[in-house]
Amino acid sequence: MGDDISSLEFTREQRTAYRAKVQRCLDVFEQMLHEQVFELERPLTGLEIELNLVDDEGRPKMANGEVLGAIADPAFQTELGRYNIELNVPPRPLPGDSAIDLEELLRWSMNHADERAREAGARIVMVGILPTLRPEQLEGEWMSANPRYAALDEAIFAARREDLELNIVGTESLRMYSPTIAPESACTSVQLHLQVAPSSFAAHWNAAQILAGPQLALGANSPYLFGKHLWAETRTELFLQATDTRSPELRNQGVRPPVFFGERWVTSIFDLFEENVRYFPALLPETTDEDPEAELRAGRAPLLQELRLHNGTVYRWNRPVYDVVDGTPHLRVENRVLPAGPTVADIMANAAFYYGMVRMLAEQDRPMWTKMSFDAARANFAEGARRGVDATFYWPGIGAVPWDELVLRRLLPLAHEGLQRWDVSAAVRDRYLSIIEGRCRDRVNGASWQVAAVRAFEDRGLEREAALAEMLKLYMEGMDANAPVHTWEVPGPRR
């Protein structure tokens, strides 16, 4: 959710001052891009995993304060809902066996955190949307104790002037209203970060946009919301609707939502920040005392806090990031497409596929985005979210192609070569890309396994709520075992 803020309400004068300061930051950022003052020595990757807390019955446990106190590790932080926490992994290079080392670290961190969470009567679950979540559980004291979340809730409803409408039509349908942004807390994701040079940012962002559809077909893990079977990756549509600042009339006029896939291929990171400033009003207009022009003249990297704060409230599925670490600025592509889970091994396989593919697409002699319309990439994103393992994509040179055929025939060999270009070891490539191959071969991802398991329990005579609870128990067993989801058994008929 970005940086903390200190105010819950903002005056008209503050908004005017903030708009002017954001423009100054944008001008300084443009100057920095021309002067090439960014960290370029070695690209680093980063990882964030959003997590759910549940009680012994698999219901959301509103106890992140107590759980974080028991974990006592700064890598774990609060998220929007009191049943959410987030694990932040320090940046690291890709080459060699780094990914296998990271998997071991993640498993240790998750196991340690889960042991400590049990002291607070909670368990940790990695899943895109907690399948046992019910609307009534998001009433009362559901929000984490962070002023930013309360201010964001206030800002969204001040812009809308009416309750949020959730209207998702999928295999089943859900329509309801919410007086808060609480439904957004149901969306738990994995964010993959890649540090890039200014000159290659546009190529990596465009490549990430092209990959969004295949990523969702491979990694969808959010088929249920409030007891309804909706999309394979319902999280993407829920996130859009649960943060929507637009009234129906503004939607009808074509006003852009804060959850934004984009509208065009870009030629520079500046295109994205400039679009943010032009299209999206400030939700959290808090200014600092930094003089960005003076900082740059003095040879220091300005924080550009206002620009960064504004960027943090525009939820692109591939977000541009400007950051300063130890006084040195750098740029990142933050890939926000994937849901959490099902296992650490699955997350690492998704990451390996992404990093290998994005490098290959970014370095092609004739870029894919010169052969593919932006609308086609956006349509692939929607298709992957809606249909998951039943998705069919448009791909240049092929036309319409099932996702599994596309990945097996075209993308997996490219991902292998891309990881080789990163100097990733053969052991890493074989371990994680074989998981991707297995998902394609068996046509199984987290969402399809969840649906199959729930149907099996319903065939035994269980009602939906009980079937979801039983499925979650099995899901957590597979998650703890770290066996890739395509190897999980589906419950058989009652004997």
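Higher on the page you've got the structure.
These numbers were taken from a predicted model, which means no experiment stands behind them.

Assignment of secondary structure puts Ala452 in helix 15 (residues 446-459). You can call Ala452 partly exposed: its relative accessible area is 28%. For the pair Ala452 and Ser178, spaced 274 residues apart in the sequence, the C-alpha separation amounts to 30 Å.

With their axes 9 Å apart at the nearest point, helix 15 and helix 16 (residues 464-481) run at an angle of 125° to one another. Between helix 15 and helix 16, the interaxial angle falls into the category oblique. Helix-helix and strand crossings are classified by hand; for helix 15 and helix 16 the assignment is right-handed. Residues Trp449, Gln450, Ala453, Val454, Phe457 and Glu458 of helix 15 lie in contact with helix 16, whose contacting residues are Arg464, Ala467, Leu468, Glu470, Met471, Leu474 and Tyr475. Partitioned by chemical class, the residues of the contact of helix 15 with helix 16 number nine nonpolar, one polar and three charged.

Attention shifts here to the packing of aromatic side chains. Centre-to-centre distance and the angle between the planes together describe a pair of aromatic rings. Scanning the model with the defined rule gives 17 aromatic pairs in all. Ring geometry for Tyr279 and Phe280: centres 6.4 Å apart, planes at 80°, overall edge-to-face. What makes Tyr279 partly exposed here is its relative accessible area of 26%. Grouping aromatic residues by their ring pairs yields a cluster made of Trp205, Phe239, Phe261, Trp265, Tyr315, Trp317, Phe374 and Phe381.

Within the element layout of this structure, Ser178 appears in strand 6 (residues 173-178). On the basis of relative accessibility, which here comes to 5%, the residue Ser178 falls in the buried class. Here Thr180 takes part through its backbone oxygen, which lies 2.6 Å from a polar atom of the side chain of Ser178. Residues in contact with Ser178, not counting those within four places in the same chain, are Phe157, Asp163, Leu164 and Pro183.

Further remarks concern helix 5 (residues 198-219). Between its first and last C-alpha atoms helix 5 spans 29 Å; for 22 residues at 1.5 Å apiece the expected length is 32 Å, and the two agree. The sharpest bend along helix 5 comes to roughly 40°, located at Ala212, with the proline Pro214 sitting one to four residues further on. Most of helix 5 sits inside the fold, with 20 of its 22 residues counted as buried.

Let's shift gears to unusual backbone geometry. Omega for the peptide link from Gly341 to Pro342 comes to -5°, which places this bond in the cis form. Assignment of secondary structure puts Pro342 in the loop between strand 13 (328-335) and helix 11 (344-362). A positive phi is found at Arg443, a non-glycine position, where the angle reads about 50°. Mapping Arg443 onto the fold places it in the loop between helix 14 (426-442) and helix 15.

This paragraph deals with the packing of helix 5 against helix 11. Where helix 5 contacts helix 11, the two axes come as close as 9 Å, and the packing angle between them is 145°. Where helix 5 crosses over helix 11, the handedness of that crossing is right-handed. Listed contacts from helix 11 to Ala203, His204, Ala207, Ala208, Ile210, Leu211, Gln215, Leu218 and Gly219 of helix 5 are Asn350, Phe353, Tyr354, Met357, Val358, Leu361 and Ala362. Classifying every residue of the contact of helix 5 with helix 11 by side-chain character gives twelve nonpolar, four polar and no charged.

Attention now moves to empty space enclosed by the protein. One way to see where empty space is left: roll a probe the size of a water molecule over the atoms. Per the stated rule, a full pass over the model turns up two cavities of 30 Å³ or more. Space inside the largest cavity adds up to approximately 200 Å³. Taken together, 20 residues line the largest cavity, and the ones lying closest to its centre are Thr45, Leu94, Leu102, Met348 and Tyr355. Of all elements in the fold, only strand 1 (45-54), strand 3 (84-92), helix 3 (98-119), helix 11 and helix 14 reach the threshold of two or more residues within the lining of the largest cavity. Broken down by element, the residue count for the lining of the largest cavity peaks at four residues, all from helix 11. Classifying every residue of the lining of the largest cavity by side-chain character gives 16 nonpolar, three polar and one charged.

Bringing the nonpolar core into the picture now. Nonpolar side chains in soluble globular proteins tend to be buried together. Core analysis: the largest hydrophobic core is formed by 163 residues, its most contacted members being Phe29, Tyr322 and Phe353. For this core, the leading source of residues is helix 11, giving 14 residues.

The residue Asp55 is located in the loop between strand 1 and helix 2 (64-71) in this model. Taking relative accessible area as the criterion, Asp55 reaches 16% and is therefore assigned buried. There is a polar contact of 2.9 Å between the side chain of Asp55 and the backbone nitrogen of Glu57. Residues contacting Asp55, with those up to four places away along its chain left out, are Lys61 and Gly121.

What follows is about the pairing of strand 1. Look at any regular strand and the pattern is simple: side chains alternate between the two faces of the sheet. Among the ten residues that make up strand 1, ten are buried, leaving the element largely enclosed by the rest of the structure. A two-sided burial pattern is seen for strand 1, the buried positions comprising Thr45, Leu47, Ile49, Leu51 and Leu53 on one face and Gly46, Glu48, Glu50, Asn52 and Val54 on the other. Pairing of strand 1 with strand 3, which is carried by seven bridges, proceeds in the antiparallel orientation. Residue Leu51 lies in a different strand from strand 3, and its bridge partner there is Ile85. Pairing of strand 1 with strand 7 (residues 190-196) involves five bridges; the strand directions are antiparallel. Residue pairing in the sheet places Glu48 in a bridge with Gln191 of strand 7. As paired strands, strand 1 and strand 4 (residues 123-125) are joined by three bridges and run antiparallel to one another. The partner of Leu53 across the bridge, within strand 4, is Ile124.

What counts, and at which threshold
Residues numbered from 1 in each chain as written. Predicted model: local features only at pLDDT ≥ 70, side-chain atom pairs only at ≥ 80, totals over all residues. Heavy atoms only, no water. Helix = DSSP H or I, 4+ residues; strand = E, 2+ residues; numbered from the N terminus. Buried < 20%, exposed > 50% of the residue type's maximum accessible area, 1.4 Å probe, protein only. Axes fitted to C-alpha atoms, helices over the stretch in contact; angles between N-to-C directions. Parallel < 35°, antiparallel > 145°, perpendicular 65-115°, else oblique. Left-handed = near helix turned anticlockwise from the far one by under 90°. Contact = heavy atoms within 4.5 Å. Nonpolar A, V, L, I, M, F, W, Y, C, P; charged D, E, K, R; others polar. Phe/Tyr/Trp six-rings, centres within 6.5 Å; stacked < 30°, edge-to-face > 60°. Polar contact = N/O pair within 3.5 Å; in protein donor to acceptor, adjacent residues only side chain to side chain. Expected span 1.5 Å × (residues − 1). Bend = angle between axes of the 7 residues up to and from the residue. 1 Å grid on protein atoms, 1.4 Å probe; cavity = no way out; pocket = protein on both sides within 12 Å on 5 of 7 lines; lining within 4 Å. Points joined across faces, edges and corners; volume = space filled by probe spheres on them. Core = buried A, V, L, I, M, F, W, Y, C linked by side-chain atoms within 4.5 Å. Pairing = 2+ DSSP bridges.

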